[in-house]
Amino acid sequence: MPGARPSDRRTAVFALRRAFQVDGQSARRVGRAAIDHADPPRRGARRIIEDRFGAEQAGTKSFAICGDMNDYQERVDVIGRRGTGYRFEHQNETASALDVFSSDGFAENVVRRREPLDRWTLYHARGPQEQWLCQLDYLWLSPALAAHNAGRLPEIIRSGQPYRTVFPPGQEVERYPRTGWDRPKASDHCPVVMTLDLP
């Protein structure tokens, strides 16, 4: 229900179409998160935050935008075949729907704190000529919350990836039990997790 406020330390959640707004109360302040599965577009998540805090004040508040955004700003091209080996090339996209968060510093994609070849959350393949790793799953933090957690690094959990996923050197993980070549798998996406301290 819009306008809900937590009466204690529990979380109040309400839905607006497919975007969700979550209020979490710490001992001192209220932090907020907008979770958007790209329908309505990412702009809807930004609007929720700006409506709540005001466009000029949003950067000074604590908020996070997280989830599958169905778009990416960079990718890692996977070149080669299993029998002959692979090479990995990082590429930046010229435009992305996610620019609504990053172009003016509205929020920080904290996964970019990781090395460029280690930011991916999805393996895409349509044969050996079209393979890449990209980040579709995000944790965007407000400038204030990102600065308060400047020393923290997000973790990407890749143990649920099927065995067909090509990993750059040094990133291989032990798969969850019963994971198959393509199926079963936990998901084609990798969760992004991060411990945050609220200001």
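Values in this document were obtained by computation on a predicted structure and should not be read as measured data. (Residues numbered from 1 in each chain as written. Predicted model: local features only at pLDDT ≥ 70, side-chain atom pairs only at ≥ 80, totals over all residues. Heavy atoms only, no water.)

## Notes on the sheet that holds strand 6 (residues 85–92)
Phase 1 of the analysis: Reading across from one edge, 6-5-9-8 is the order of the four strands in this open sheet, with antiparallel pairing throughout. In this open sheet, the two edge strands, each paired with only one partner strand, are strand 6 and strand 8 (122–125). Neighbouring strand axes in the sheet, compared pairwise and without regard to direction, differ in orientation by 25° on average.
Phase 2 of the analysis: In this sheet, strand 6 lies alongside strand 5 (residues 74–81) in antiparallel orientation, the contact comprising eight bridges. By the bridge assignment, Gly80 is partnered in strand 6 with Tyr86. (Pairing = 2+ DSSP bridges. Helix = DSSP H or I, 4+ residues; strand = E, 2+ residues; numbered from the N terminus. Axes fitted to C-alpha atoms, helices over the stretch in contact; angles between N-to-C directions.)

## Things to note about the pairing of strand 8
Phase 1 of the analysis: Two elements, strand 8 and strand 9 (residues 131–134), share four bridges in a ladder whose sense is antiparallel. When the bridges of strand 9 are listed, Tyr123 appears paired with Leu133.
Phase 2 of the analysis: The turn linking strand 8 back onto strand 9 is made up of five residues, and Gly127 within it adopts a positive phi angle of 90°.

## Focus on the environment of Gly127
Phase 1 of the analysis: With respect to the secondary-structure elements, Gly127 resides in the loop between strand 8 and strand 9.
Phase 2 of the analysis: Distance from Gly127 to Arg81, taken between C-alpha atoms, is 9.6 Å for residues 46 residues apart in sequence.

## What about the confidence of the model for the chain?
Phase 1 of the analysis: Scored by pLDDT, the chain comes out at a mean of 84, with 79% of its residues at no less than 70.
Phase 2 of the analysis: Averaged over each element, pLDDT in the chain is lowest for strand 1 (residues 12–16) (31) and highest for strand 7 (residues 108–109) (98).
Phase 3 of the analysis: Under a pLDDT of 50 for its full length, residues 1–18 has, in the predicted model, 33 contacts with residues more than four places off or in other chains.
Phase 4 of the analysis: Across residues 26–30, confidence stays below pLDDT 50; counting only partners more than four residues off in sequence or on other chains, it has eight contacts. (pLDDT = per-residue confidence, 0-100. Contact = heavy atoms within 4.5 Å.)

## Description of the environment of Tyr86
Phase 1 of the analysis: When you line up the elements, Tyr86 lands in strand 6.
Phase 2 of the analysis: When near neighbours in sequence (up to four residues on either side) are disregarded, Tyr86 contacts Val78, Ile79, Gly80, Arg81, Gln131 and Val166.
Phase 3 of the analysis: Here the side chain of Tyr86 touches Arg82 through a polar contact of 3.1 Å, landing on its backbone nitrogen. (Polar contact = N/O pair within 3.5 Å; in protein donor to acceptor, adjacent residues only side chain to side chain.)

## Considering the pattern of salt bridges
Phase 1 of the analysis: If you walk through the whole model with that rule in mind, you get 14 salt bridges.
Phase 2 of the analysis: Residues Arg112 and Glu74 are paired through a salt bridge, measuring 3.7 Å at the closest nitrogen-oxygen approach. Taken as a pair, Arg112 in the loop between strand 7 and strand 8 and Glu74 in strand 5 lie far apart in primary sequence, 38 residues in all.
Phase 3 of the analysis: When salt bridges that share partners are traced, they join Arg46, Glu50 and Asp104 into one network. (Salt bridge = Lys/Arg side-chain N within 4 Å of Asp/Glu carboxyl O.)

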